[in-house]
Protein chains: 2
Amino acid sequence: MKPLTAPHAISRQVLADHVYDEILESLMDGRLMPGDAVSIDGTARDLEVSPTPVREALARLEHTGLVQRAALKGYRVAPLSSAAEMAQLMEARLVIEPVNTRLAGEVMTPETLAALEQSIHDLATAPRGPSFAEFRDYFDADERFHRLIAENAGNPFLLAAYNALGGQVQRFRLFSGVGITDANFAIAEHRAIFEAFRDGDVEGAAAKMTEHVSNVRARAMADAPAESSAE
Amino acid sequence: MKPLTAPHAISRQVLADHVYDEILESLMDGRLMPGDAVSIDGTARDLEVSPTPVREALARLEHTGLVQRAALKGYRVAPLSSAAEMAQLMEARLVIEPVNTRLAGEVMTPETLAALEQSIHDLATAPRGPSFAEFRDYFDADERFHRLIAENAGNPFLLAAYNALGGQVQRFRLFSGVGITDANFAIAEHRAIFEAFRDGDVEGAAAKMTEHVSNVRARAMADAPAESSAE
DNA sequence: AACGATAGAATCCTATAGGATTTAGACTAT
DNA sequence: ATAGTCTAAATCCTATAGGATTCTATCGTT
């Protein structure tokens, strides 16, 4: 009964997984814009696969809130959050992320600490060009920082709750245009959280996380005060 | 452009939706036990449909945590939470549900209040027999109470976070055997939350919710102290 | 008797085909 | 010109077929 089959050795992938990644990439890159239809047959033609794996990938994506499905009418990219919904999203983050921060702080390891520092370094050095592709690394580093904390909190249910928000957060980062003005502040705030972790100041880290998310909300509201729906 | 097609009139259903409901029912009823394999072809034969809608339904269910998928090996009912995981689940509920309670309390309406009271009434009058089927109404009323609060909190992201937990909570109710000893306490605690809502005591309602979930955890731990995996 | 190899069945995965539904455009009548 | 109807294309939805993989049981060897 020895685990000869290494746990993470050959994690087999099937076509639907690749399709899932591909569509997710398009959503996060901005190639698929809010409101766009995501045709099953059309996507299958584009990716040169049959509709079956596309259907399976979209069924999974629906649960993330990134795409919405109407029976017999197909899938659409979820509309962009209004300013009010953005505030609700930040409110939800303020509930979950400080708790994750506290839990992660209680079991912080040198490895996690190093990974967090790496993400901050990537955030600071990522190119910040005008195009989506050039911002990609920046957004990735930002998301990685928060995800690392959620994963190291050690509570799979709170991680699931965070995942229910993560995709929306990423989308908001992309379309709000906050990233540009947000960058320098975000780097400093991430670093403040990291330093509290490093010093073993668990409550301080949680407080800094609360402050960080609050600031993100404030900066976002300042940037796009009343732009409820673009289309 | 008039909405002649009434919004909620004929919400068309496709076969995959029925299959989804059917499998979910089996999971919640206990017909499908933790660890059981959920064969795509087999389920398709049982329900007398083709494998395609079964595949789509399972893809959606995977994201709820109720079933787990291994590439090229199929789906399995997720193993039952250990005592430690149960504690983590309650910890997550303690993070989310009091906040939802507070938000719901701030916009409480007579209609919602009546629905909450109805769920308590159903909880008190539900038969509590030995079989799964006889407990079904009790569990439904319990879940309805908590779901009403989450839905009326008005934050779709926190609702999504709650949904990420709800299925697990329901499963735990079913298999832990806590329900029996829990019933009289739970009814009283639900009523205490309701009365705080009715009196406009928002903070009191939130506090009572915290107390309720804490008590559920305590009673569950007392019932099954060290039963980690039953097989 | 225990271990490893092999054949068969069961299952998963993808592709294809056809019916059902929706959508878009053209045509006609008011 | 606008509203309504009708036709055709596109799309969704389900079923079926076949290849690829995994599981199970039998058999032979040490």
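See above for the structure.
Keep in mind that what you see is a predicted model, and the values were worked out from it rather than measured. (Residues numbered from 1 in each chain as written. Chains lettered and ligands numbered in written order. Predicted model: local features only at pLDDT ≥ 70, side-chain atom pairs only at ≥ 80, totals over all residues. Heavy atoms only, no water.)

Teacher, can you tell me more about the protein's contact with DNA strand C here?
Taken together, 21 residues lie near DNA strand C, and Leu15(A), Ser50(A), Lys73(A), Ile40(B) and Leu72(B) sit nearest. At the protein interface, 80% of the atoms of DNA strand C within 4 Å belong to sugar or phosphate. At 2.2 Å from a phosphate oxygen of DNA strand C is found a main-chain nitrogen or oxygen belonging to Leu15(A). At 3.2 Å from a phosphate oxygen of DNA strand C is found a side-chain nitrogen or oxygen belonging to Lys73(A). Counting only elements with at least two residues in the surface near DNA strand C, the list comes to helix H1 (15-29) and helix H3 (51-62) of chain A together with helix H2 (40-47) of chain B. By residue class, the composition of the surface near DNA strand C is 11 nonpolar, 4 polar and 6 charged. (Near = heavy atom within 4 Å. Polar contact = N/O pair within 3.5 Å; in protein donor to acceptor, adjacent residues only side chain to side chain. Helix = DSSP H or I, 4+ residues; strand = E, 2+ residues; numbered from the N terminus. Nonpolar A, V, L, I, M, F, W, Y, C, P; charged D, E, K, R; others polar.)

Honestly, the packing of helix H4 (residues 83-106) of chain A against helix H4 (residues 83-106) of chain B in this entry has me stumped. Any pointers?
Axis angle and axis distance: for two packed helices, these are the angle between their axes and the distance between the axes, and together they describe the pair. Across the interface, H4(A) lies against H4(B) with an axial gap of 11 Å and an inter-helix angle of 155°. In terms of their interaxial angle, H4(A) and H4(B) are classed as roughly antiparallel. In terms of crossing hand, the pair formed by H4(A) and H4(B) is right-handed. Two secondary-structure elements touch here, H4(A) through Glu91(A), Val95(A), Val99(A) and Leu103(A) and H4(B) through Glu91(B), Val95(B), Val99(B) and Leu103(B). Taken together, the residues of the contact of H4(A) with H4(B) break down into 6 nonpolar, no polar and 2 charged. (Axes fitted to C-alpha atoms, helices over the stretch in contact; angles between N-to-C directions. Parallel < 35°, antiparallel > 145°, perpendicular 65-115°, else oblique. Left-handed = near helix turned anticlockwise from the far one by under 90°. Contact = heavy atoms within 4.5 Å.)

Could you clarify how one ought to interpret the relation of the copies chain B and chain A in this entry?
Each of the two copies of the chain can be brought onto the other by a rotation about an axis and a shift along it. The transform that puts chain B on chain A rotates by 180° and translates by 0.1 Å along the axis, for an RMSD of 0.1 Å. Given the turn and translation reported, the copies of this chain are related as if by a two-fold rotation axis. Considering only C-alpha atoms, the residue of chain B closest to the rotation axis is Ala161(B), which sits at 2.2 Å. Looking at chain B, 100% of its interface residues are interface residues in chain A too, so the copies touch through the same face. (Least-squares fit on C-alpha atoms with pLDDT ≥ 70 in both.)

Hey, could you run me through the pattern of salt bridges in this one?
Note that side chains of opposite charge can pair when their charged atoms are close. One pass over the structure, following the stated rule, counts 30 salt bridges over all chains. Of the charged contacts in the structure, one is a salt bridge between Asp17(A) and Arg60(A), with a shortest N-O distance of 3.0 Å. Of this pair, Asp17(A) sits in helix H1 while Arg60(A) sits in helix H3, placing them 43 residues apart in sequence. The class for Asp17(A) is buried, based on a relative accessible area of 12%. Classification of Arg60(A) by relative accessible area gives buried; the value is 10%. Glu97(A) is paired through a salt bridge with Arg93(A); the nearest N and O atoms lie 2.7 Å apart. Taken together, the positions of Glu97(A) and Arg93(A), both in helix H4 and 4 residues apart, correspond to about one turn of that helix. Accessibility classification places Glu97(A) together with Arg93(A) in one group, the buried group. A single network of salt bridges, built from pairs that share partners, joins Asp17(A), Glu56(A), Arg60(A), Arg55(B) and Arg69(B). (Salt bridge = Lys/Arg side-chain N within 4 Å of Asp/Glu carboxyl O. Buried < 20%, exposed > 50% of the residue type's maximum accessible area, 1.4 Å probe, protein only.)

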